[in-house]
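Next come the chains, spelled out residue by residue.
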Amino acid sequence: MTTVLITGANRGIGLVFARQYAADGATVIATCREPEKADKLTALGVRVEQLDVTDPASATALAVTLKAVPIDILIANAGYYGPELQDADDADWAGFLQTYRVNSLGPLLVAQALKLNLLSGQDKKLVVLTSKMGSIADSTGGHLAYRASKAALNMIAHNLALEWKKHGIKVAILHPGWVKTDMGGSSAPLSAAESVAEMMNRIAELWPGNSGQFLDYQGKEIRW
Ligand SMILES: NC(=O)c1ccc[n+]([C@@H]2O[C@H](COP(=O)([O-])OP(=O)(O)OC[C@H]3O[C@@H](n4cnc5c(N)ncnc54)[C@H](OP(=O)(O)O)[C@@H]3O)[C@@H](O)[C@H]2O)c1
């Protein structure tokens, strides 16, 4: 049976990943910052564990709790849109740094902490939720902290694809589309269920030949 671990699974896209993989019969380990407040997640009946992706002690504690549990698919989904002030002339530096901690370093921290679990899984798939807003080629400016943090994530994930290829680990760098969540807002054209259904197909298709590519939820390549 496939085991899937998801970060930031208490709401938004992460919650729908947990719901859909559980419905497909996978064993789901859903992580979030405050499990005691994660009512929607708890209602799914999946295993829930605490994880703040900015906190190395939290990541280490999770690895200890999981012991040698094999993980087939590790989905680094947790994300932060950044502070109010994040433009070229005016930036909230603490908020800017937090954006990097969550979006860029968070997936790396979790991937490193759970690497042994991933290595003992069958599939060995690491998935990072990035954004088209991290594409330098596509940028129209604005939202500097978020864009920069996702561009940095793209480089980190691409490097992991290159460096962990020798271990058989494949890396998907996925843009979910513009999705109706707290982050995406109510004007977004896609529901989280539509986006997740497509991304699950992309994850199923992940193999060494497309590892490390920057793809949207429909499998279309995005320029870096
Ligand atoms: N929605 C879109 O249109 C869109 C577009 C492109 C990319 N994305 C990316 O897709 C991913 C999911 O986005 P979403 O729309 O579902 O966002 P969301 O509704 O804002 O949910 C964000 C999730 O990340 C969690 N999180 C934030 N900081 C965390 C931390 N330090 N440790 C652990 N979890 C943390 C949140 O937990 P709390 O409840 O504890 O805050 C929440 O579960 C993100 O990486 C986002 O950048 C989304």
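Throughout what follows, the structure given in this document is the object of discussion. Owing to the predicted nature of the structure, the values given are computational and were not obtained by experimental measurement.

### Overview of the packing of aromatic side chains
Move 1: A full pass over the atoms with the stated rule returns five aromatic pairs.
Move 2: Relative to Phe 96, the ring of Trp 93 lies with its centre 5.4 Å away and its plane at 35°, an arrangement referred to as tilted. Placement of the pair is Trp 93 and Phe 96 together in helix 4 (residues 93-113), with a separation of three residues, close to one helical turn.
Move 3: Its relative accessible area of 59% is what places Trp 93 among the exposed residues.

### So, the packing of helix 4 against helix 6 (residues 144-163)
Move 1: The contact between helix 4 and helix 6 brings their axes to 8 Å, and the two run at 15°. Between helix 4 and helix 6, the angle falls in the class roughly parallel. Considering how the two elements wind past one another, helix 4 and helix 6 form a crossing that is right-handed. Where helix 4 abuts helix 6, its residues Phe 96, Thr 99, Tyr 100, Asn 103, Ser 104, Leu 105, Pro 107, Leu 108 and Ala 111 lie against Leu 144, Ala 145, Tyr 146, Ala 148, Ser 149, Lys 150, Ala 152, Leu 153, Ile 156 and Leu 160.

### Points about the environment of Ala 113
Move 1: Inspection of the secondary structure assignment puts Ala 113 in helix 4.
Move 2: Put simply, Ala 113 and Ala 57 are 56 residues apart on the chain and 10.0 Å apart in space, counted from C-alpha to C-alpha.
Move 3: Residue contacts for Ala 113: discarding those within four places in its chain leaves Ala 59 and Ala 63.

### Thoughts on the environment of Ala 192
Move 1: Within the secondary structure layout, Ala 192 lies in helix 7 (residues 192-205).
Move 2: Since its relative accessible area comes to 10%, Ala 192 is described here as buried.
Move 3: Along the primary structure Ala 192 and Lys 37 are separated by 155 residues, whereas in three dimensions their C-alpha atoms are 21 Å apart.
Move 4: The contact partners of Ala 192, leaving out residues within four places of it in the chain, are Val 16, Val 179 and Lys 180.

Rules and cut-offs
Residues numbered from 1 in each chain as written. Predicted model: local features only at pLDDT ≥ 70, side-chain atom pairs only at ≥ 80, totals over all residues. Heavy atoms only, no water. Phe/Tyr/Trp six-rings, centres within 6.5 Å; stacked < 30°, edge-to-face > 60°. Helix = DSSP H or I, 4+ residues; strand = E, 2+ residues; numbered from the N terminus. Buried < 20%, exposed > 50% of the residue type's maximum accessible area, 1.4 Å probe, protein only. Axes fitted to C-alpha atoms, helices over the stretch in contact; angles between N-to-C directions. Parallel < 35°, antiparallel > 145°, perpendicular 65-115°, else oblique. Left-handed = near helix turned anticlockwise from the far one by under 90°. Contact = heavy atoms within 4.5 Å.

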